[in-house]
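# Structure at a glance
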Amino acid sequence: MSSTPQARHTRAIVRIHFHPEQRTEELFVQLLDVLGGITPTIEPLPADWSAYMDLTGSLKFWDRDVEGLVAVIRLRLLALHGVQSSAGAGPTRSIAAMAAAVTAPGAATIVGDTLYEIAAFLRPRPAAALPGVGPKTARTLARYGIATVGEIADTQPATLQRILGAAARPIQNLARGVDERPVVPTAAPRSMSASHRFDRDALDTDQHQRTALALAEDLGSRLREASEIAQALTLTVTYADHTHTTRTRTLAEATAHTPALAGTARQLLADLGLQRARVRSIGLRAERLRPAAHATHQLALDDRNDKLHRLEAALDRARARYGPGIAGAASAFKSVTRP
């Protein structure tokens, strides 16, 4: 592709996705440390095990182009932690994200920073591939014959505004490769995880449910011991072929209460509709932790919740005295956490 110096951007943004066999909070932090050895400008996205990186200031230091430095990063992740990754890179956040979305594990897609290279990548993409264009917006655009990113870019601004309202301008800017949003260095939101790997691939849905309940119990106990509460719960199911499915749900209220965690975990698992699926492991992660002192509780009209809290406190005391793995602890909540 040709190069037009006056059209060159000055940034090199990467969106990298991690594809480990088993997900743990500790591993995610370790993978971020690998990225930190390349650039300090990292924005973690733990919900989907990815991160943004700004390599702009690192290219000269490492004496490599974007493609070469991305290859170094992916090689380090694989060599140090055995974790395969995929990456998309480009001159903006949105282009990097779109490139990553079309990249298979173990590969990288690099979009150059000339106007020609940007247009060649963006214009053929379906409108729905553009960040900010959801299914509803894509259907609205399609009714007006606008089906690709290039067609969004070419539409008269006034026409697009009549179709999309206030969203028209930012969407058209992204369609034209204009995105000034920076990578914002942040610490990974605190989380706590538990997982179970089956000795043999598990097909029994009841076994899947029992495992999810036990993981919820474990997380609840550890959260209460640490005086923390979770605002969301993420379930990850890994299958025999090493693929996985991840689902996240925000809790009705931030909590460390085992019945609430168990009920959400059960619903997340039920929503997957696993029928005779060969499950290799199940992981549960409590996310967006904050101090338990910040908790708020909805008022209840009966004393059932108070009884559950007393039962939970008794089990915590028994666990502290006799050690983890008290028989029947998870099942004690099963009947009271059914929807």
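Residues numbered from 1 in each chain as written. Predicted model: local features only at pLDDT ≥ 70, side-chain atom pairs only at ≥ 80, totals over all residues. Heavy atoms only, no water.

### Describing the pattern of salt bridges
For the coordinates displayed, the defined rule picks out 9 salt bridges. Of the charged contacts, one joins Glu43 and Arg93 as a salt bridge, the two residues approaching to 2.7 Å between their closest N and O atoms. Of this pair, Glu43 sits in strand β2 (residues 42-45) while Arg93 sits in helix α4 (residues 93-101), and the two are 50 residues apart along the sequence. What makes Glu43 buried here is its relative accessible area of 14%. Here the residues in one salt-bridge network are Asp201, Arg278 and Arg280, joined through shared partners. (Salt bridge = Lys/Arg side-chain N within 4 Å of Asp/Glu carboxyl O. Helix = DSSP H or I, 4+ residues; strand = E, 2+ residues; numbered from the N terminus. Buried < 20%, exposed > 50% of the residue type's maximum accessible area, 1.4 Å probe, protein only.)

### Notes on the sheet that holds strand β4 (residues 84-90)
An order of β2-β3-β1-β4-β5 is seen for the 5 strands of this open sheet, with the pairing classed as mixed. The sheet terminates laterally at β2 and β5 (108-110), the two strands that pair on one side only. Strand-to-strand twist in this sheet, taken as the mean axis angle between neighbours without regard to direction, amounts to 15 degrees. Relative to strand β3 (residues 50-54), strand β1 (residues 13-19) is paired through 5 bridges, and the arrangement is antiparallel. Within β3, the position partnered with Ile13 by the bridge is Asp54. Strands β1, β2 and β3 of the sheet are contacted by helix α1 (residues 25-36), whose axis makes an angle of about 160 degrees with β2. Strand contacts of α4: β1, β2, β3, β4 and β5, with the helix running at about 140 degrees to β4, the strand carrying the most contacts. (Pairing = 2+ DSSP bridges. Axes fitted to C-alpha atoms, helices over the stretch in contact; angles between N-to-C directions. Contact = heavy atoms within 4.5 Å.)

### Details of the pairing of β3
Across the 5 residues that make up β3, a large majority, 5, are buried. Taken together, the 4 bridges between β2 and β3 define a ladder with antiparallel strand orientation. Considered in β3, the bridge of Glu43 is made with Tyr52. Between β2 and β3, which pair antiparallel one after the other, the connecting turn spans 4 residues, and Trp49 there sits at a positive phi close to 55 degrees.

### What about helix α3 (residues 66-81)?
Helix length check: α3, at 16 residues, gives a terminal C-alpha distance of 22 Å against a target of 22 Å (1.5 Å per residue), a fit within 8%. Gly82 sits one or two residues past α3 and shows a positive phi near 65 degrees. (Expected span 1.5 Å × (residues − 1).)

### Section: the packing of aromatic side chains
The tally for this structure, following the rule as stated, stands at 3 aromatic pairs. Considering the side-chain rings of Phe61 and Trp62, the 5.7 Å spacing of their centres and the 80 degrees angle between planes classify their relative orientation as edge-to-face. Judged by its relative accessible area of 69%, Phe61 falls in the exposed class. Among the aromatic residues, ring-to-ring pairing joins Phe18, Phe28 and Trp49 into one connected group. The ring of Tyr52 has Arg15 lying over it, and the distance from NZ or CZ to the ring centre is 4.8 Å. Positioned over the ring face of Tyr52 is Arg93, at 4.0 Å from the centre of the ring. (Phe/Tyr/Trp six-rings, centres within 6.5 Å; stacked < 30°, edge-to-face > 60°. Lys NZ or Arg CZ within 6 Å of the ring centre and 35° of its normal.)

### Structural notes on the environment of Leu35
Tracing the sequence through the fold places Leu35 in helix α1. Residue classification places Leu35 among the buried positions, given a relative accessible area of 0%.

### Structural notes on unusual backbone geometry
Look at Trp49: it is not a glycine, yet its phi comes out positive at around 55 degrees. Take Trp49: it is sitting in the loop between β2 and β3. Here Asp63, not a glycine, exhibits a phi torsion of approximately 55 degrees, which is positive.

### Side note on the side chain of Arg74
Tracing the backbone through its elements, the reader meets Arg74 in helix α3. Put simply, Arg74 is tucked away with no salt bridge, and the nearest opposite charge, on Glu67, sits 8.8 Å away. Among the polar contacts made by the side chain of Arg74, one reaches the main-chain carbonyl oxygen of Ser85 at a distance of 3.4 Å. The residues contacting Arg74, other than those within four sequence positions of it, are Ile16, Gln84, Ser85, Ala87, Gly106, Ala107 and Ala108. (Lys, Arg positive; Asp, Glu negative; His and termini not counted. Polar contact = N/O pair within 3.5 Å; in protein donor to acceptor, adjacent residues only side chain to side chain.)

### Some points on the packing of helix α10 (residues 205-225) against helix α11 (residues 258-272)
At a minimum axis separation of 8 Å, α10 and α11 run at an interaxial angle of 145 degrees. Where α10 crosses over α11, the two elements pack in a sense that is right-handed. Judged by residue contacts, His208, Gln209, Ala212, Leu213, Ala216, Glu217, Leu219, Gly220, Leu223 and Arg224 of α10 engage Thr258, Leu261, Ala262, Ala265, Arg266 and Leu269 from α11. Class assignment of the residues belonging to the contact of α10 with α11 gives a composition of 9 nonpolar, 4 polar and 3 charged. (Left-handed = near helix turned anticlockwise from the far one by under 90°. Nonpolar A, V, L, I, M, F, W, Y, C, P; charged D, E, K, R; others polar.)

### Considering the confidence of the model for the protein chain
The predicted model of the protein chain averages 85 in pLDDT, with 83% of residues at 70 or higher. Counting interchain partners and residues more than four positions distant, the pLDDT-below-50 stretch residues 1-8 has 12 contacts. (pLDDT = per-residue confidence, 0-100.)

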